[in-house]
Each structure stands twice: as structure tokens, then as C-alpha cells.
Amino acid sequence: MLIDTHAHIYWESYDNDREEMLKRAIDSGIKYIICPGTDIETSIKAIELAEKYDFVYAGVGFHPHDAVKAGEKELEKIEELSYHPKVVAIGEIGLDFHYNFSPREKQIEVFKKQIQIAKRRNLPVIIHNRESHKEIFEVLESEIDDRWTGFGKLADGKLPPPRGVFHAFSGNVKDAWRAINLGFYISISGVITFKNAGNLIDVVREIQPEHLLVETDSPFLTPHPFRGKRNEPMYVKFVAEKIAQIQGLTVEDIERTTTFNVYRLFRIGSKPEPKIAYKIRNSLCLNITLRCNADCVFCDRKGEAIVKGYFLKIDHEPTAEEFIKEIGDPKQYDEIVFVGYGEPTIRLDVVKEVARYVKEHGGKTRLDTDGHGNIINKRNIVPELVGLIDVVSISLNSIDPTEYGRLMNIDGEKFHPAMIEFAKECKKYGIETIMTIVGIDGIDVERHRKFVEEEIGVKFRYRPLF
Ligand code: SF4
Ligand SMILES: [Zn+2]
């Protein structure tokens, strides 16, 4: 089930077969379509289609190309239209300095005024940005304030409130992070399937699906293998397949994650139930606890606690029996992972009991940990893991104790050496050991790799930040 977050289905090229085109979309598993207007006329058409079809939602606004047409009266009309119950966004709005169909100053003025509408209406914005990166960020950064909350947060976390989406994103990785940090999603179009996708491949490699949406921009930007023909919403699957391939995830992972993102941004669909066990790729992850002895700057444990479209805010700590029931036959998975949005060794007894079950039934186990288990449990726990845990993955975060302490909000002088010691113990006891870092700004990946592989002598893994 995918959601095409950007399709101009009122376009005249569908006038002869709109009904069939939409049927094909639904038959191929498209759940919803968001249809943004580009002026008053098309905004009304988008609303009419949303009234006609349950699965269509509308955006209203003036595209930068049409900014010249947007006087006070016209913008009032957009605001009035935004009260329609199926309008979920102000858009598409933004800047386009490639064509300059409207004068730049006028584009900026109309863009700002429409952001004001979005703020008043508590609606997210759908942004069009072409060759105007500098100005688009200038406008957005000057407009960000506490009143700009989109539909508001799910909980009080470290993520900014979802304010909108950069549709058919065309910037580099740095631009993408800049947008994400301002509360924007990055929407990937069929361009990702092109041979000359360039920058966009890097963006998808570095930016986790937690920040992505998928779209077609129909009738434009038709993905490979139909490039050159008219686009339509059912082709959004080619976008999802390509993202999955680049990120080493399954299409199902991309579907679930982007569907949740659509819920979070546009409030379409429903909020998923909290999960105690959740599948990513073919691994089953167990949500052992939300408690942790650290408080990492990049961790959303106390916020929304979302991972790949799963909502992990459990209201109780599951027992070993509950986990075992969820697992069933562990051989159906590549591995059973002790993880969650907390430190699993805080509940070592549960981890051991479940791991024993998995091993007795022919499964594989992995423990994802901050490596503080010996301090937490006030003894060397590594010998107890032998035979129960096949792989231990430790968050190295930094080779520098001060930086480590800063990132994790703990006493780096105490915990850093303990974490290194833990890794060495795991290796000594013959447990396959991996040390990981996340891609935070300015981190020297090669230096960390060298340290892990040469000084500790275990495996190294880099993972993009989410
Ligand atoms: S150690 Fe893991 S769970 Fe704990 S705060 Fe850091 S990232 Fe979050
Ligand atoms: Zn568009």
C-alpha cells in the first residue's frame, strides 16, 4: 500500500481516461493520492476530485509560476478553500528561478503570504523549489516560529513539528538535512529511477525513510521504464522499489514508513498501534524497554519513538512470554534482535530468557546495546551471553570520551572506557562483535573504522542518522 503524495490528476491529459487511470492506481495498491492545485481553478478541481473519490485529498495554493495571478483577493480565496475538510495542505507553493514565469520578488512575496495562511490554518505546506535553494531556505528560516506547527506533534520529542514537504526534491544531502531540521519531509519522485539521478541517489542513501515521502508528480517526471510517456499514480511503485534497493530495505519497509510519514504530516490514515515486536527486512526486532541510562542528542526515545513506520511507545514492558509468543518459530526470520528505543541490558533476565528460547528453536540472535551492560548490572555479563547471543552490536558513537559523553549526555570518562572494555570482552568470549557509528555532521568515518578494525579488532559499521 503506497501513497502518491503529489499527483495533478485534474490535468487535461487524463480527461479521456481519468476513471480508468484511478482504478489502475487503486488496483495496484495505491491507498491515497494527494492532489495539489497550482492556482484557484486547479485548487477547485483538486477539491472536486477529493469530493468524488474517498482516496483523493487536495492541496490548495498558487504555484510560483502563477504567482503573478495571486493578488489579495485570490489569496483570500485560497484561504477560504483551505477550510474544505479534504484539504490537507497549502500547496503547491514555493519558488522557481529556472523558468521565472513570475518575477522573483513576486514569487517570494506570494510564497510568504501562503506560509502565513498555512500557519493560520495549521496546515502543512507542499513546496516546489527549482534553482532557488538559497532563497527558499532564507524564507523558511525567517518564517519558522512556535506558531508554525503543521498539524502539531504527536508527542514532545527532539524532532521538529512536521511543517511540510519538499516535493520532487532536487537538492543535495546537505540541503536535505537542512530541510529535515526545519521540520520538512523529502519527497522522492521518479527522477530517482533515471540514469542521471546524480545527487538524488546520495540523498536516498544518506537519508533514512523516516524522513521520506514518495510521489509521481503526475503527469510529469515519469519513472523508468516508462520515461517519456504520461505519468500516473500507479507508477509510484517504481520510486518505492528504487528507494528500497538503494537503502537495502524491502518495499514493504518503504511502504510502511512512508505511510506513517503521511499520517504524521497530513493526518491521512491512522496512527499505528505501539509494537512490542516489529519486522524490518527479514529481522524481527524486540522492543525490550524504553528505559536507557543515556540520553543521546540524536535519540527520539522520549519523543515519538518511531522506527521505520513503527510506533514504539509501548505502555508496559513486555514479559519474556509475550516476546516468545510474538516470535513463534524463530527460523522464519534471519535474526531476532534485542533492541527497541532503550538499552536492552537493563532487562538482562528477559533478554537471556528469550534468547534461550530462540537458540533452542534454531534461530539467530543479535543484541543492540550501548555497551554499558556491565555497569548497569554491576558485573561482567559477557560470559552469560555466550551461547545465547550470536552477534553483539555496540554503539561506539565516538572514539573521543569527551565527545562521547556530550553525544550521550553521560560521564564520558567513566562510560567510554567501559564500553570499549565491553567490546573487548565480547571478542575475547568469541561473540561476533560489531561497533557502529551514526552519520552525524563532521564525523570522521575512516578514523573510526581504523580504530575499530585495527585497535579493537572487530567489525565496523556506519549507519546514516535518522
Ligand atoms: S543509547 Fe540508544 S536508546 Fe539510549 S539514548 Fe542513546 S540512542 Fe537512545
Ligand atoms: Zn506539482
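Refer to the structure presented above.
This section reports on the structure supplied with the text.

Conventions used here
Residues numbered from 1 in each chain as written. Chains lettered and ligands numbered in written order. Predicted model: local features only at pLDDT ≥ 70, side-chain atom pairs only at ≥ 80, totals over all residues. Heavy atoms only, no water. Donors = N, O, S within 2.8 Å, 3.2 Å for Na, K, Ca; no water. Helix = DSSP H or I, 4+ residues; strand = E, 2+ residues; numbered from the N terminus. Buried < 20%, exposed > 50% of the residue type's maximum accessible area, 1.4 Å probe, protein only. Phe/Tyr/Trp six-rings, centres within 6.5 Å; stacked < 30°, edge-to-face > 60°. Lys NZ or Arg CZ within 6 Å of the ring centre and 35° of its normal. Salt bridge = Lys/Arg side-chain N within 4 Å of Asp/Glu carboxyl O. Core = buried A, V, L, I, M, F, W, Y, C linked by side-chain atoms within 4.5 Å. Domains from an automatic or database assignment. Contact = heavy atoms within 4.5 Å. Polar contact = N/O pair within 3.5 Å; in protein donor to acceptor, adjacent residues only side chain to side chain. Pairing = 2+ DSSP bridges. Axes fitted to C-alpha atoms, helices over the stretch in contact; angles between N-to-C directions.

## Looking at the coordination of the zinc ion (ligand 2)
So, step 1. Protein coordination at the zinc ion (ligand 2): the donors are H6 (NE2), H8 (NE2) and E92 (OE), at 1.8 to 2.2 Å from the metal.
So, step 2. Here the donor residues of the zinc ion (ligand 2) share one chain and are spaced in sequence as H-x1-H-x83-E. Here E92 lies in strand β4 (residues 87-96) and H8 lies in the loop between β1 (2-4) and α1 (18-27), a separation of 84 residues in the sequence. You'll find H8 and E92 in the same group, each marked buried.

## Considerations on the packing of aromatic side chains
So, step 1. Scanning the entire structure with this criterion turns up twelve aromatic pairs.
So, step 2. Between F226 and Y235, the ring centres sit 4.7 Å apart and the planes meet at 10°, which makes this aromatic pair stacked.
So, step 3. Classification of F226 as partly exposed rests on a relative accessible area of 27%.
So, step 4. A connected cluster of aromatic rings, assembled from ring pairs, spans F137, F166, F169 and F184.
So, step 5. In this arrangement the basic side chain of R121 is found over the ring face of Y83, its NZ or CZ atom lying 3.6 Å from the centre.

## Observations regarding the pattern of salt bridges
So, step 1. Scanning the model with the defined rule gives 35 salt bridges in all.
So, step 2. D39 is the partner of K69 in a salt bridge, and the nearest nitrogen-oxygen pair spans 2.8 Å. Residue K69 is located in the loop between β3 (56-60) and α3 (72-81), and its partner D39 is located in the loop between β2 (30-36) and α2 (40-52); the two are separated by 30 residues in the primary sequence.
So, step 3. Taking the shortest distance from any N to any O, the salt bridge between K119 and E143 comes out at 3.1 Å. Of this pair, K119 sits in helix α4 (residues 104-121) while E143 sits in helix α5 (residues 133-143), and the two are 24 residues apart along the sequence.
So, step 4. When its relative accessible area of 7% is taken as the criterion, K119 is described as buried.
So, step 5. A relative accessible area of 8% places E143 in the buried class.
So, step 6. A cluster of three or more residues bridged by salt bridges with shared partners is formed by D17, R24, R230 and E232.

## Observations regarding the nonpolar core
So, step 1. In terms of nonpolar packing, the biggest core is built from 150 residues, with F266, L286 and M435 touching the most fellow members.
So, step 2. With seven residues, the single largest contributor to this core is helix α11 (residues 348-360).
So, step 3. Lining this core are residues from two domains, each supplying at least three of them: domain 1 (2-266) and domain 2 (277-463).
So, step 4. Beyond its immediate chain neighbours, meaning those up to four positions away, M435 contacts I394, L396, M419, I420, A423, V452, I456, V458, K459, F460 and R461.

## With respect to the environment of T222
So, step 1. Note on placement: T222 falls in the loop between β8 (212-214) and α8 (236-247).
So, step 2. It is 9.9 Å that separates the C-alpha atoms of T222 and V239, two residues lying 17 residues apart in sequence.
So, step 3. The contacts of T222, once residues within four sequence positions are left out, are F194, R227, G228, K229, R230, N231 and Y235.
So, step 4. Within polar-contact distance, the side chain of T222 engages the backbone oxygen of K229 at 2.6 Å.
So, step 5. Of the polar contacts made by the side chain of T222, one reaches the backbone nitrogen of N231; its length is 3.2 Å.

## A few points about the sheet that holds strand β17 (residues 459-463)
So, step 1. Reading across the sheet, the seven strands line up as β9-β10-β13-β14-β15-β16-β17 and stay open at both edges, with mixed pairing between neighbours. With one partner strand each, in any of the chains shown, β9 (277-280) and β17 form the two edges of the open sheet. Here the average twist between neighbouring strands, direction ignored, is 25°.
So, step 2. Where strand β13 (residues 335-338) lies against strand β14 (residues 365-369), three bridges are found, and the strand directions are parallel. Residue pairing for β14: I336 is matched across the bridge by T365.

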